[in-house]
Amino acid sequence: MEQELEAAIGIRIRKLRIEKGLTLDDLASASGVSRAMISRIERAEASPTASLLARVCAALGLSLSAFFAEEEQEASPLARRHEQQVWRDPETGYVRRSVSPPGTSSAVDIVEVEFPAGGRVSFPPHAASHGMTQHIWVFEGEMEMTIGETNHHLFPGDCLFMPVGEGHVFHNPTSKPARYCVVLNRSTR
């Protein structure tokens, strides 16, 4: 299943790159990710980390949620847990589950995340997400969120509202995993 998802990620990146008329060099320049790495990802020879994938998505004008949304899937108002797409960051091991039913007209994406102890993921600022916002709602464990120069320490039940496009860091400063929900509003009013 993971190999299928890696292949699907590579195919989707290549398709989006070609649709936008970008060469590997163009995408490398725009994302700050090497041409060789993008090529390896497109051929499913390498698994992108969350940070790297976010940079490539931003260069393609997409958020991670929009990237993982299945384009041709018929819209249904119901997303059964066993049908929800799951992706594991090969660098940190964080697990991202797309909870929202794909293909609906909603501008809101709901993502469940299991974040390992001591894990840290940085998402760089990107213009494609400017105006988008998200809520981080912690269910279990603790998370430290850094937005610019501001740090927020979140505990179970806490919910942080934040802009997406300015860049941020997710960090679990404890020795126990954390579980939280991201509610992303893709509208850029």
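Everything below is about the structure shown above.
Given the structure is predicted, the values throughout are model-derived calculations rather than measurements.

## Some words on helix 4 (residues 50–59)
With 8 of 10 residues buried, helix 4 is to be regarded as a mostly interior element. Listed as buried for helix 4 are Ala50, Ser51, Leu52, Leu53, Ala54, Val56, Cys57 and Ala58. Once helix 4 ends, the next one or two residues include Gly61, with phi positive near 80 degrees.

## Regarding the sheet that holds strand 3 (residues 108–115)
For sheets, the rule is that strands pair by backbone hydrogen bonds, running either parallel or antiparallel. Read across the sheet, 6 strands follow the order 1-2-3-10-5-8 without closing on themselves; strand pairing throughout is antiparallel. At either margin of the open sheet sits one strand with a lone partner, and together these are strand 1 (86–88) and strand 8 (159–163). Across the sheet, the mean angle separating the axes of adjacent strands is 20 degrees when strand polarity is ignored. Relative to strand 3, strand 2 (residues 95–98) is paired through 4 bridges, and the arrangement is antiparallel. Residue pairing across strands places Ser98 opposite Val111, the latter belonging to strand 3.

## As for the pattern of salt bridges
The tally for this structure, following the rule as stated, stands at 8 salt bridges. A salt bridge links Glu42 to Arg17; the nearest nitrogen and oxygen atoms lie 2.7 Å apart. With a gap of 25 residues between them, Glu42 in helix 3 (residues 35–42) and Arg17 in helix 1 (residues 2–19) connect regions that are remote in the sequence. For the pair Glu42 and Arg17, a shared accessibility class is recorded, and that class is buried. Among the ionic contacts, a cluster of salt bridges with common partners joins Arg81, Arg97, Glu112, Glu140 and Arg179.

## Topic: the pairing of strand 10 (residues 178–185)
Within a regular beta strand, the side chains point alternately toward one face of the sheet and then the other, so they alternate between its two faces. Most of strand 10 sits inside the fold, with 6 of its 8 residues counted as buried. Two strands pair when backbone bridges link them, and strand 3 and strand 10 are joined in this way by 8 bridges, in the antiparallel orientation. Each residue of the ladder has a partner; that of Val108, found in strand 10, is Asn185. Where strand 5 (residues 133–140) lies against strand 10, 7 bridges are found, and the strand directions are antiparallel. Bridge pairing links Glu140 to Arg179 in strand 10.

## Quick look at unusual backbone geometry
Here the phi dihedral of Ala44 falls at roughly 60 degrees; this positive angle occurs in a residue that is not glycine. Along the chain, the position of Ala44 falls in the loop between helix 3 and helix 4. The class for Ala44 is partly exposed, based on a relative accessible area of 31%.

## Notes on the sheet that holds strand 7 (residues 150–154)
Read from one edge of the open sheet, 4 strands run 4-9-6-7, paired in antiparallel fashion. Strand pairing shows two members of the sheet lacking a second neighbour, strand 4 (120–123) and strand 7, which therefore form its edges. Within this sheet the neighbouring strands show an average axis-to-axis angle of 15 degrees, counted without direction.

The rules behind the values
- Residues numbered from 1 in each chain as written.
- Predicted model: local features only at pLDDT ≥ 70, side-chain atom pairs only at ≥ 80, totals over all residues.
- Heavy atoms only, no water.
- Buried < 20%, exposed > 50% of the residue type's maximum accessible area, 1.4 Å probe, protein only.
- Helix = DSSP H or I, 4+ residues; strand = E, 2+ residues; numbered from the N terminus.
- Pairing = 2+ DSSP bridges.
- Axes fitted to C-alpha atoms, helices over the stretch in contact; angles between N-to-C directions.
- Salt bridge = Lys/Arg side-chain N within 4 Å of Asp/Glu carboxyl O.

These figures capture arrangement, not role.
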